[in-house]
Amino acid sequence: MIPFNYHHLYYFYTVARMGGISKARGELRLAQPTLSSQIKQFENFLNVKLFEREGKKLVLTDEGRSILSYAAEIFDTGKELIAHLGDISPRGRPRIQIGVSNSVPKACSDALLKFIYRTEPRSHITVHEDNTEKMAAALQNHALDIVLTDVPYRPSADESIENHMVGKIPIVFCAIRPLRKNTKKFLKI
């Protein structure tokens, strides 16, 4: 009997998540016969059937669903570990995770990126775009290092997030002449 192998668990997890061997083989970069053989070895090791074939489709058995829930938990925990260690680059490059609100002008985020690359040219920067609340949660959990947003975030008493205004941007309204007459009332509001 083969020893327990996390590669087999990952192959099973990927096949189950993607809904079949032919879909999973591209992500795993394995030939279909190889992947089928790996799944069969894993079933033999566990002494359970993980999938049943319904026509051309693979369907998880009850045991397969149970094992999938464990596998998902294992690999989700692994992703959390990698995210936690993400600040430690294998090549010694500082890693910076930046969150940018959808409404922040690209010129602002571009200026920040240029500043970082000027001061620390070897930086590895990842930019995420989301709403302020989700990015604040990611900042609190150390998944992000910096957040650029157009509105101040109001942290609760137990959050240690600080806001700093870095600049003001003028807004210009342009219109064709016939429309300009109608906008004077709007602009005075």
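See the structure printed just above.
Nothing here was measured: the structure is a model prediction, and the numbers come from that model.

## Let's talk about the packing of aromatic side chains
At step 1: Taken as a whole, this structure holds five aromatic pairs when the rule is applied.
At step 2: Judged by centre distance (6.1 Å) and plane angle (40°), the ring pair of Tyr 10 and Tyr 13 falls under tilted. With Tyr 10 and Tyr 13 both in helix 1 (residues 6-18) and three residues apart, the pair spans about one turn of that helix.
At step 3: A relative accessible area of 7% means that Tyr 13 is categorised as buried.
At step 4: Aromatic pair Tyr 13 and Phe 75: ring centres 5.0 Å apart, planes at 35°, arrangement tilted.

## Focus on the pairing of strand 3 (residues 95-101)
At step 1: Taken across its seven residues, strand 3 has six buried, putting it largely inside the fold.
At step 2: As defined by bridge partners, strand 3 adjoins strand 4 (residues 124-130) across seven bridges and the pair is classed as parallel. Across the sheet, the residue bridging to Val 100 is Glu 129, located in strand 4.
At step 3: For the handedness criterion, the β-α-β arrangement of strand 3, helix 5 (residues 106-119) and strand 4 is classed as right-handed.
At step 4: Direction of pairing for strand 3 relative to strand 5 (residues 146-148): parallel, over a ladder of three bridges. The residue bridging Ile 98 from the neighbouring strand is Ile 146, located in strand 5.

## Some details on the pattern of salt bridges
At step 1: Applying the stated criterion across every chain, the model contains four salt bridges.
At step 2: For the salt bridge of Glu 129 with Lys 106, the shortest nitrogen-to-oxygen distance reads 3.0 Å. Of the two residues, Glu 129 is situated in strand 4 and Lys 106 in helix 5; the sequence distance between them amounts to 23 residues.
At step 3: When its relative accessible area of 47% is taken as the criterion, Glu 129 is described as partly exposed.
At step 4: Among the ionic pairs, Lys 114 bridges to Asp 110, the shortest N-O distance being 3.2 Å. One end of the pair, Lys 114, and the other, Asp 110, are both in helix 5, four residues apart, so they sit about a helical turn from each other.
At step 5: The partly exposed category is assigned to Lys 114, whose relative accessible area is 48%.

Parameters and conventions
Residues numbered from 1 in each chain as written. Predicted model: local features only at pLDDT ≥ 70, side-chain atom pairs only at ≥ 80, totals over all residues. Heavy atoms only, no water. Phe/Tyr/Trp six-rings, centres within 6.5 Å; stacked < 30°, edge-to-face > 60°. Helix = DSSP H or I, 4+ residues; strand = E, 2+ residues; numbered from the N terminus. Buried < 20%, exposed > 50% of the residue type's maximum accessible area, 1.4 Å probe, protein only. Pairing = 2+ DSSP bridges. Right-handed = clockwise from strand over helix to strand, strands pointing away. Salt bridge = Lys/Arg side-chain N within 4 Å of Asp/Glu carboxyl O.

So yeah, pure geometry; function would need other evidence.
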